[in-house]
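Geometric and topological summary
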Amino acid sequence: MTRSFEELVAEADAVSVEGWDFSWLAGRATEERPSWGYQRAMSERLARASAALDIQTGGGEVLAGAAELPPVMVATESWPPNVAKATELLHPRGAVVVADADEPPLPFGDAAFDLVTSRHPVTVWWEEVARVLRPGGTYFSQQVGPASVFELVEYFLGPQPEHVRRARHPEDARRAAEAAGLEVVDLRAESLRTEFFDIGAVIYFLRKVVWMVPGFTVAQYRERLRELDEVIRAEGAFVAHTARFLIEARRRRS
């Protein structure tokens, strides 16, 4: 690595982190993908749907990757820059983007959709998902699992208590879905290797995925970043493990 710590920091601290596109990290970080292929599987379900809702769509990048959208396609998003980006990306596909606070209730009537999707939702309001699904309708989602990338989180925040490490456990999602009246028909989890090859990649990631190290700024963590830069230069990468799970749940017909 020929670029200095200061050069890498300045670049990563200035680049835009709008949307949910991680292409800036190409060649600078890698993450294994889950074996189930969420976007392909989501696309297959969208092609069979008549009315679908994508919750917390981000900048719309994942939804826009679907080969075919249903006749009625709606997406929700709370962050204004992402709302604008998703609108620009999805309107040409015939999808409507609704600005929503990501708090209940969802701004739709009962039984409005036969498919609800969401990739990496921050929070799932299971009762609302069940309400807007038609009887027999499906919720299909890839979510972040427990202690995801915690090697990096704990590098900055120190050891986390067990209840924090266990948060977002797939079995908790199962119980919440069932309590809302949904039948879980598929639940799978995987641990995936993630590597950061320079300190700029770490900074970009923490600026974009803001809940990993809440309130993260370069100024606050500069010395810790400098130490991590030395580790990466010596070892070639900082290795962490991403937790992902897939859940598919169906609203009972009666």
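Residues numbered from 1 in each chain as written. Predicted model: local features only at pLDDT ≥ 70, side-chain atom pairs only at ≥ 80, totals over all residues. Heavy atoms only, no water.

As a further point, take the overall build of the protein chain. Of the regular secondary structure elements, the protein chain holds 10 helices and eight strands. When its C-alpha atoms are laid out on the principal axes, the protein chain stretches across 60 × 40 × 30 Å. Within the span of the protein chain, comprising 254 residues, buried residues form 49% of the whole. Summed over its atoms, the accessible surface of the protein chain is roughly 11800 Å², and 52% of this surface lies on carbon and sulfur atoms. Each charge class in the protein chain can be summarised by its mean position, and for the 29 positive and 38 negative side chains these summaries are 4 Å apart. (Helix = DSSP H or I, 4+ residues; strand = E, 2+ residues; numbered from the N terminus. Buried < 20%, exposed > 50% of the residue type's maximum accessible area, 1.4 Å probe, protein only. Areas by Shrake-Rupley, 256 points an atom, 1.4 Å probe, with all protein chains shown as cover. Lys, Arg positive; Asp, Glu negative; His and termini not counted. Charge placed at Lys NZ, Arg CZ, Asp CG, Glu CD.)

The buried count for strand S5 (residues 113-119) comes to six of seven residues, which makes it a mostly enclosed element. Here three bridges tie strand S2 (residues 51-54) to S5, and the two strands are oriented parallel to one another. Its bridge partner being in S5, Asp-54 is matched across the sheet by Thr-117. As paired strands, S5 and strand S6 (residues 133-144) are joined by six bridges and run parallel to one another. Paired with Phe-113 across the bridge in S6 is Leu-133. (Pairing = 2+ DSSP bridges.)

It is possible for side chains bearing opposite charge to pair when their charged atoms get close. A full pass over the atoms with the stated rule returns 23 salt bridges. As a salt-bridge pair, Arg-134 and Asp-114 come within 3.1 Å of each other at their nearest N and O atoms. Of this pair, Arg-134 sits in strand S6 while Asp-114 sits in strand S5, and the two are 20 residues apart along the sequence. By sharing partners, the salt bridges in this structure join Arg-3, Glu-11, Arg-28 and Asp-198 into a single network. (Salt bridge = Lys/Arg side-chain N within 4 Å of Asp/Glu carboxyl O.)

Our focus in this paragraph is the layout of surface pockets. The volume enclosed by the largest pocket comes to roughly 650 Å³. What lines the largest pocket is a set of 29 residues, and nearest its centre among them are Phe-22, Glu-31, Arg-33, Arg-119 and His-120. Elements supplying a minimum of two residues to the lining of the largest pocket: strand S1 (29-31), helix H2 (38-48), helix H3 (61-64), S6, strand S7 (182-196) and strand S8 (238-251). At three residues, the largest contribution of residues to the lining of the largest pocket is made by S1. By volume, the second largest pocket amounts to about 540 Å³. Lining of the second largest pocket is provided by 28 residues; of these, Trp-20, Glu-77, Asn-82, Val-122 and Trp-211 occupy positions nearest its centre. Contributing elements (two or more residues each) for the lining of the second largest pocket: H2, H3 and helix H9 (199-208). Each residue belonging to the lining of the second largest pocket can be placed in one class, and the counts come to 13 nonpolar, eight polar and seven charged. (1 Å grid on protein atoms, 1.4 Å probe; cavity = no way out; pocket = protein on both sides within 12 Å on 5 of 7 lines; lining within 4 Å. Points joined across faces, edges and corners; volume = space filled by probe spheres on them. Nonpolar A, V, L, I, M, F, W, Y, C, P; charged D, E, K, R; others polar.)

The next subject is empty space enclosed by the protein. Taken as a whole and assessed by the stated rule, the structure comprises two cavities of 30 Å³ or more. In this structure, the largest cavity encloses a volume near 80 Å³. Contributing to the lining of the largest cavity are Ile-55, Gln-56, Leu-106, Ser-118, Pro-121, Thr-123, Val-124, Trp-125, Glu-128, Val-129 and Tyr-139. Tallied by class, residues from the lining of the largest cavity come to seven nonpolar, three polar and one charged. For the second largest cavity, the full set of lining residues is Ile-55, Gln-56, Asp-100, Asp-102, Glu-103, Leu-106 and Trp-125. A class-by-class count of the residues in the lining of the second largest cavity yields three nonpolar, one polar and three charged.

With respect to topology, eight strands assemble into an open sheet ordered S1-S7-S8-S6-S5-S2-S3-S4, the strand pairing being mixed. Because the sheet does not close on itself, it has two edges, and the strands there are S1 and strand S4 (96-99). Each strand of the sheet is rotated relative to its neighbour by a mean of 15°, with strand direction disregarded. Two strands pair when backbone bridges link them, and S1 and S7 are joined in this way by three bridges, in the antiparallel orientation. Looking at S7, one finds that Thr-30 is bridged to Glu-195. Docked against the sheet, helix H4 (residues 80-90) engages strand S3 (72-77) and S4, running at close to 170° with respect to S4. (Axes fitted to C-alpha atoms, helices over the stretch in contact; angles between N-to-C directions. Contact = heavy atoms within 4.5 Å.)

Attention shifts here to the nonpolar core. Residues Leu-152, Phe-156, Ile-199, Val-202 and Leu-225 are the most contacted members of the largest nonpolar core, which totals 33 residues. Listed by contribution, the elements that provide at least two residues to this core are helix H1 (5-14), helix H6 (150-157), H9, helix H10 (218-235) and S8. For this core, the element with the most residues is H9, which contributes seven residues. With sequence-adjacent residues up to four places away left out, Val-202 is seen in contact with Leu-152, Phe-156, Phe-196, Leu-225, Leu-228 and Ile-232. In terms of nonpolar packing, the next biggest core, distinct from the first, is built from 23 residues, Val-74, Tyr-139, Ala-177 and Phe-245 among them. (Core = buried A, V, L, I, M, F, W, Y, C linked by side-chain atoms within 4.5 Å.)

Time to look at the pairing of S6. Taken across its 12 residues, S6 has 10 buried, putting it largely inside the fold. The sheet contact formed by S6 and S8 spans seven bridges and is antiparallel. Bridge pairing links Thr-138 to Arg-250 in S8.

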